[in-house]
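Working through the structure, step by step
Below are the chains, spelled out letter by letter.
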Amino acid sequence: MVEKIIIKKGDIIIAVIIIALAIIISILYIIGSNDLPDDKKLYAVVTISGKSNRFALSKDIVYKPEHTPLNPVIVIKDGFVFVESSNCRDKICIKTGKISKPGQIIVCVPARLTVKIITEDVSGYEDFIAG
Amino acid sequence: MKISLRAKNVSLSAMMLTVAMLLSYIESMIPLTTFTSIPGLKLGLANLAVMLAFYFIGPANSAVISLARVMLSSILFGSISAFWFSLAGAVMAYSALLFSKYILRESVSYIGVSMLCAACHNLGQIAAAALLLNDKAIFIYLPYLLILSLFTGALTGMLMFLISNIFYRLYNEKN
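Residues numbered from 1 in each chain as written. Chains lettered and ligands numbered in written order. Predicted model: local features only at pLDDT ≥ 70, side-chain atom pairs only at ≥ 80, totals over all residues. Heavy atoms only, no water.

**Quick look at the overall build of chain B**
- For chain B, the count of helices and strands is six helices and zero strands.
- For chain B, the succession of helices and strands along the chain, N to C, is α-α-α-α-α-α.
- For a compact globule of 175 residues, the expected C-alpha radius of gyration is about 16 Å, and chain B comes in at 16 Å, within 12% of that figure.
- Summarising its shape, the C-alpha atoms of chain B cover approximately 55 × 35 × 30 Å along the three principal directions.
- When the 175 residues of chain B are sorted by exposure, 54% land in the buried category. (Helix = DSSP H or I, 4+ residues; strand = E, 2+ residues; numbered from the N terminus. Rg over C-alpha atoms; globule rule 2.2 N^0.38 Å. Buried < 20%, exposed > 50% of the residue type's maximum accessible area, 1.4 Å probe, protein only.)

**Some details on the confidence of the model for chain B**
- Summing up the model confidence of chain B, the mean pLDDT is 91 and the portion of residues at 70 or higher is 99%.
- Model confidence for the complex: the whole-complex pTM is 0.87, and ipTM, which rates the interface, is 0.88. (pLDDT = per-residue confidence, 0-100.)

**Some points on the sheet that holds strand E5 (residues 80–85) of chain A**
Residue and element names in this part refer to chain A.
- Sheet architecture is open: three strands sit in the order E3-E4-E5, paired in antiparallel fashion. On the outer flanks of this sheet lie strand E3 (61–63) and E5, each paired with one strand and no other. Averaged over all pairs of adjacent strands, the angle between their axes in this sheet comes to 20°, without regard to strand direction.
- Sheet topology places strand E4 (residues 73–77) next to E5; five bridges connect them, and they run antiparallel. Directly across from isoleucine 76, in E5, lies its bridge partner valine 81. (Pairing = 2+ DSSP bridges. Axes fitted to C-alpha atoms, helices over the stretch in contact; angles between N-to-C directions.)

**So, the side chain of A:Ser100**
- Secondary-structure assignment places A:Ser100 in the loop between helix H2 (92–96) and strand E6 (105–108).
- Dropping the residues within four chain positions of it, A:Ser100 is found in contact with A:Leu42, A:Leu57, A:Gly79, A:Phe80 and A:Ile117. (Contact = heavy atoms within 4.5 Å.)

**Some thoughts on the interface of chain A and chain B**
- Contact with chain A, which involves 38 residues of that partner, is made by 39 residues of chain B.
- A combined buried area of about 3300 Å² lies between chain A and chain B, and 70% of that area is made up of carbon and sulfur atoms.
- In this structure, B:Glu106 engages A:Lys8 in a salt bridge whose closest nitrogen and oxygen atoms are separated by 3.8 Å.
- Here chain A and chain B share seven residue pairs in polar contact (both at pLDDT 80 or more) between them.
- At the level of elements, helix H1 (9–32), H2, E6, strand E7 (113–119) and helix H3 (125–130) of chain A are the ones that each hand at least two residues to the side of chain A that touches chain B.
- Considering each element in turn, the side of chain A that touches chain B owes the most residues, 12 residues, to H1(A). (Buried area = accessible area lost by both parts, 1.4 Å probe. Salt bridge = Lys/Arg side-chain N within 4 Å of Asp/Glu carboxyl O. Polar contact = N/O pair within 3.5 Å; in protein donor to acceptor, adjacent residues only side chain to side chain.)

The structure is reproduced here in structure tokens:
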């Protein structure tokens, strides 16, 4: 069974299906977050272990949640929200940087943290995925 | 699916388990997160050992190796939540192996199988993370992970071609 690297038909089909899935999911997200006028109020929803807190993006604030693993510090400043510090290992949450538009998110899985931007009437991409 | 208890296969399975754990440990030292900020990104080298066992020893032994690797790796190197992510990914990847062997059969090579394993693994991990975080938002990373799984799968698949030749010869050596 000395095999040379031969690409078979099924390989191409699998690759095409995966690419198609990626494109479809991306399109769903783009559609879900596109229909909002610019003057809507934006909020940052910080969810830790399932519990959410909503903050207006217009008000600068430093949020240090208590009794949470790995003590992330979330900062809202100048209409952006970002994670300033966290005791997680990979610091992906910090590297994600600033977000400010609905549909953008920051996650820190070890800290059970997600930060996402929504508009006032909570009819963003979440409903799309729930359906 | 019968677990092979022939002495040769049992000792080989144990070695494959060790190799899987070593590969998992080594790849955790490659800092992929310096390039991207995508959670859960990995090369999936440990799957090489599981695939070798799957094709050369047997699907049943391979399943045991995969589960044992998840348990031991998370006990030794990770945390309880790491266990659940690892398990979700491993179960999905193993399902991809079964799907490839019994349904796709000859129409795929190691490259396609590895790509499918990588994609399923990432899907499983993202789903597990969404459950753990109690938030569907993390699914937004799935398209990126799917595209990347094509590359990591291709890499793993090519390595499988190289390694399987060596493995086959060693496995069938008559001393």
